[in-house]
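# Coordinate analysis (summary)
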Amino acid sequence: MVLSLRPARGSQGEDPDTTMLAKTLATAVQDQWQREVANQALHRFESLAVRWAVTDRSGLRDHPEAVFGAGATAQDEIDFHGTVADAAQQYLSLPKQRLVVLGEPGSGKSALVARLLLDLLGERQDTGPVPVLLPVRTWDPSNEHLNDWIVRELATLYYGRHEEVPRQLLLDGALIPILDGLDEIAEASRRHALAAIDRATGGRRPVVVTSRVAPYQAMVDESGVLVAAAVVELAPLDINDVVTCLDRSVPVGDARWDPVIRYLRANPSSPLAEALSTPLMVFLAQTAYGSRQAPATLINTIQNMSSRQDVERHLVKALVPARYTAHPDPTHAQPRHTYSADQAARWLGYLARNLQRTATRDIAWWKLAQLVPRAVLGAFFLIGGGSLLGFAAAALFGTGVGIAVGIIGGAFFGFGGELVEAVFRLFGQHIDRSGPVPVHAVIHQGGRIRLFAGTFVAGGVGGLGFALALLAWHRLGPAWGSVVILCALVACLVMVTGLADVLRGPVSLTELTPRSILSSDRTTATLRAIGLSIGVALGIVTLTRSDAGIVSAIGFGLVAALSGYGDSAWGFFLLTRCWLALTGRLPFRLMTFLEDAYRRGILRQYGPVYQFRHQHLQESLASP
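Here the structure is a predicted model, which is why all the values come from computation and not from measurement.

### A word on the sheet that holds strand E5 (residues 175-180)
Read across the open sheet, the seven strands follow the order E2-E1-E7-E3-E6-E5-E4; overall the sheet is mixed. Both edges of this open sheet fall to strand E2 (81-83) and strand E4 (130-135), since each of them pairs with a single strand only. If you compare each strand with its neighbour and ignore which way they point, the axes differ by 20° on average. Two elements, E5 and strand E6 (residues 207-211), share two bridges in a ladder whose sense is parallel. Across the sheet, the residue bridging to Leu 179 is Val 209, located in E6. Together, E4 and E5 form the strand contacts of helix H2 (residues 18-39), whose direction differs from that of E4 by roughly 50°.

Put into structure tokens, the structure is as follows:
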């Protein structure tokens, strides 16, 4: 309590300079999306003439003078068009820099906004706002203000969940939010989205929004247009665009795509031609059939397919086998782990089915514990914790007490959470026990020392309490001994809980990835486990000074270490990996497999979580 009430260092004086904070964020965002564009091969879309123009659908856009300035006419709308490469310059020409990008799945919305973001960062002056691309599906516009959601997302992505800096940047107008996937918001609250964006931005602040056409039409029908925003729509590719792209995907003089090109020109209304009208399907075709002999087989493969949807499903399903075909790695790259296409499809399919079942797109490693029955996790802690507690208590208080402590303590170790949840339910309350949340922060050296010191002191208090309980047990009776033990447990628990955050090191802006989050949480759990176990052991040995005390110190020290790991997201993840590997659902080296799938372009990375690179792919892998 004392530490938490201290003034934070650096809180006195002037606030940090917004210009420098924005510059640091711009560097982090640029590094992140340059890597994502390269990893997802989005740069290959640039060879496609993905065109966009102001939509001609009625009722979706504001008046020209509101969008393009006083005196603007319909001609200004006609002149506002271009390709992906033109998006940034055209966007900057808008007086209020408010833009809506509409398109069907796979039409190139993600590639356009990624290129827009990088080009805006390239054009950005030192004092200009920073574009930040945020998938908006987790926002509930009926219950959360857009500004609060943006601050929370940026805090999670870059600032270890500390909201002070992103809130300052937002309030100072140093951000351009790119809200990707407005149509992915839960349908029940989607109709409030446009009105909520207008309220948050005041109809003046820059904003970019992407959506599919039909859901956006429904949102406009509910709440009206997005004020002062240009509304553009991506056009489907024509045959000439596709032919040019296929021809340019191979060296000059290479005719491997000629059979496909001839087929498309001869059958411009065929299911294959219709499927290849989106950049995503062109990319999938190039990926799955890009080898020297494969393009000719594509024609034979799709001969019996009667619809565009059949061709699209086939191309999506072909991505995983194509990406897991053996190929040499660059000499500077780490050697890849060997996974067969069948293994990858089975494991990725298991993940995809669970994402579909829970209606999410995020593969968050700390939430995978939900895939393990609570009885399995509880049994581990019951047996492990109960055995260690019984062993330690028997050394101090005798075999009978040790057995009782082992049974009671083990049950509480394993299923105490269920008991607490049941008690809360009796009073009409609900607590979220979806799993421990990892530490979203980079712990610096000073923070490590303070965290270890805090848990060591807390463990020492617990150890001294156990030793005092032994004295009270022998001199005042079991009743007083039990009271002292209970007080020691409560004091240790309160100190560990209270010190966990305030003793953590300072957090600097850094891009948080699944691996860095896991590493940070593992480091925190290890420091807590070591600090608690050493503190408990030394506290007991200090007062007991006997062979029984040493044995008990070892037992209670191991219990403290187990609790330090068991209360962490990494500890649960370790047990989850073991169970899922033993049951054949996922590989034991799960993070290695996910990182490999990311490098192969099957997954993409959004901050601390992985996602399938497209919803089509997730749905395809989830299907039987």
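Back to the text.
### Re the layout of surface pockets
Of the voids in this model, the second largest pocket is the one considered here, and its volume is about 1,000 Å³. The wall of the second largest pocket is formed by 41 residues, among which Glu 184, Arg 361, Arg 604, His 614 and Gln 615 lie closest to the centre. Where the lining of the second largest pocket is concerned, the elements lending two or more residues are H2, helix H6 (109-123), E4, helix H15 (279-288), helix H19 (341-357), strand E8 (603-606) and helix H28 (615-622). For the lining of the second largest pocket, a count of residues per class yields 13 nonpolar, 16 polar and twelve charged.

### Structural notes on H28
For H28, every residue scored as buried is listed here: Leu 617, Gln 618, Ser 620, Leu 621 and Ala 622. Those residues of H28 that are buried lie in contact with helix H17 (308-317), helix H18 (319-323), H19 and strand E9 (609-612).

### Quick look at the nonpolar core
Where a protein is soluble and globular, its nonpolar side chains tend to be buried together. Counting 149 residues, the largest nonpolar core has Tyr 216, Leu 272, Leu 348, Ile 602 and Phe 612 as the members making the most contacts within it. Residue contributions to this core peak at nine residues, all from H6. What Leu 272 contacts, discounting residues up to four positions off in sequence, is Val 260, Tyr 263, Leu 264, Leu 298, Ile 299, Ile 302 and Val 311.

### Points about the side chain of Arg 190
Position of Arg 190 relative to the elements: it lies in helix H9 (residues 187-190). Buried charged residue Arg 190 carries no salt bridge. Nearest counter-charge: Glu 187, at 4.8 Å. The residues contacting Arg 190, other than those within four sequence positions of it, are Leu 182, Asp 183, Ile 185, Pro 215 and Met 219.

### Here's the deal with the environment of Thr 287
The topology assignment puts Thr 287 in helix H15. For the pair Thr 287 and Arg 323, spaced 36 residues apart in the sequence, the C-alpha separation amounts to 7.7 Å. Within polar-contact distance, the side chain of Thr 287 engages the backbone oxygen of Phe 283 at 2.8 Å.

Reading the values: rules and limits
Residues numbered from 1 in each chain as written. Predicted model: local features only at pLDDT ≥ 70, side-chain atom pairs only at ≥ 80, totals over all residues. Heavy atoms only, no water. Pairing = 2+ DSSP bridges. Helix = DSSP H or I, 4+ residues; strand = E, 2+ residues; numbered from the N terminus. Axes fitted to C-alpha atoms, helices over the stretch in contact; angles between N-to-C directions. Contact = heavy atoms within 4.5 Å. 1 Å grid on protein atoms, 1.4 Å probe; cavity = no way out; pocket = protein on both sides within 12 Å on 5 of 7 lines; lining within 4 Å. Points joined across faces, edges and corners; volume = space filled by probe spheres on them. Nonpolar A, V, L, I, M, F, W, Y, C, P; charged D, E, K, R; others polar. Buried < 20%, exposed > 50% of the residue type's maximum accessible area, 1.4 Å probe, protein only. Core = buried A, V, L, I, M, F, W, Y, C linked by side-chain atoms within 4.5 Å. Lys, Arg positive; Asp, Glu negative; His and termini not counted. Salt bridge = Lys/Arg side-chain N within 4 Å of Asp/Glu carboxyl O. Polar contact = N/O pair within 3.5 Å; in protein donor to acceptor, adjacent residues only side chain to side chain.

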